[in-house]
Amino acid sequence: QVQLVESGGGLAQPGGSLRLSCAASGSIYSLYEMGWYRPAPGKERNLVATITRDGMTNYADSVKGRFTISRDNAKNTMYLQMNSLKPEDTAVYYCKAIAKQFSTDNPRAYWGQGTQVTVSS
């Protein structure tokens, strides 16, 4: 089983910063694309940012220039540096990873439990 453990969520003021972490553990043969997602109320999870194993990144337009996604492959850990936070960024942020447990597996998606980010004065 692949487990994703998130940390770093909490309360920030508008214009402030938070740094989220997502550590993958368990039986991991290969870890591929990882990303952060957040939902609108009553909706499916929307992409915030993704990153490939080689460091290619993709961002939602709403966070470009403010958020930075990164990863440490040796630690199987992904990060989201969130700067210039806005109240509109308030959401539960979910970690997602595409992974194999064994060499013969097909890659599949794994999700973390989510961590609350609240931006308010």
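Our subject is the structure listed above.
**A short note on the pairing of strand β5 (residues 45–51)**
Right, on to step 1. Direction of pairing for strand β4 (residues 30–39) relative to β5: antiparallel, over a ladder of six bridges. Residue pairing in the sheet places W36 in a bridge with A49 of β5.
Right, on to step 2. Once β4 ends, the chain turns through five residues before running back antiparallel as β5, passing G42 with a positive phi of about 70 degrees.
Right, on to step 3. In the sheet, β5 pairs with strand β6 (residues 57–59) via three bridges, with the strands oriented antiparallel. Considered in β6, the bridge of T50 is made with N58.
Right, on to step 4. Hairpin connection, β5 to β6: the antiparallel pair is bridged by five residues, and G55 has positive phi, about 95 degrees.

**What to know about the sheet that holds strand β1 (residues 2–7)**
Right, on to step 1. On the basis of which strands lie adjacent, the open sheet formed by four strands has the order β1-β3-β8-β7 and antiparallel pairing. Each edge of the open sheet is held by one strand with a lone partner, namely β1 and β7 (67–72). Looking at each pair of strands side by side, their axes are set apart by 15 degrees on average, direction ignored.
Right, on to step 2. In this sheet, strand β8 (residues 77–82) lies alongside strand β3 (residues 18–26) in antiparallel orientation, the contact comprising six bridges. Its bridge partner being in β8, R19 is matched across the sheet by Q81.

**A few points about the nonpolar core**
Right, on to step 1. The biggest cluster of nonpolar side chains holds 30 residues, and the ones touching the most others in it are W36, L80, M82 and Y93.
Right, on to step 2. Listed by contribution, the elements that provide at least two residues to this core are β1, β3, β4, β5, β7, β8, β9 (91–100) and β11 (115–119).
Right, on to step 3. Considering each element in turn, this core owes the most residues, five residues, to β9.
Right, on to step 4. Those residues in contact with L80, other than ones at most four positions away along the chain, are L18, R19, L20, W36, V48, A49, F67, T68, I69 and Y93.

Rules of the game
Residues numbered from 1 in each chain as written. Predicted model: local features only at pLDDT ≥ 70, side-chain atom pairs only at ≥ 80, totals over all residues. Heavy atoms only, no water. Pairing = 2+ DSSP bridges. Helix = DSSP H or I, 4+ residues; strand = E, 2+ residues; numbered from the N terminus. Axes fitted to C-alpha atoms, helices over the stretch in contact; angles between N-to-C directions. Core = buried A, V, L, I, M, F, W, Y, C linked by side-chain atoms within 4.5 Å. Buried < 20%, exposed > 50% of the residue type's maximum accessible area, 1.4 Å probe, protein only. Contact = heavy atoms within 4.5 Å.

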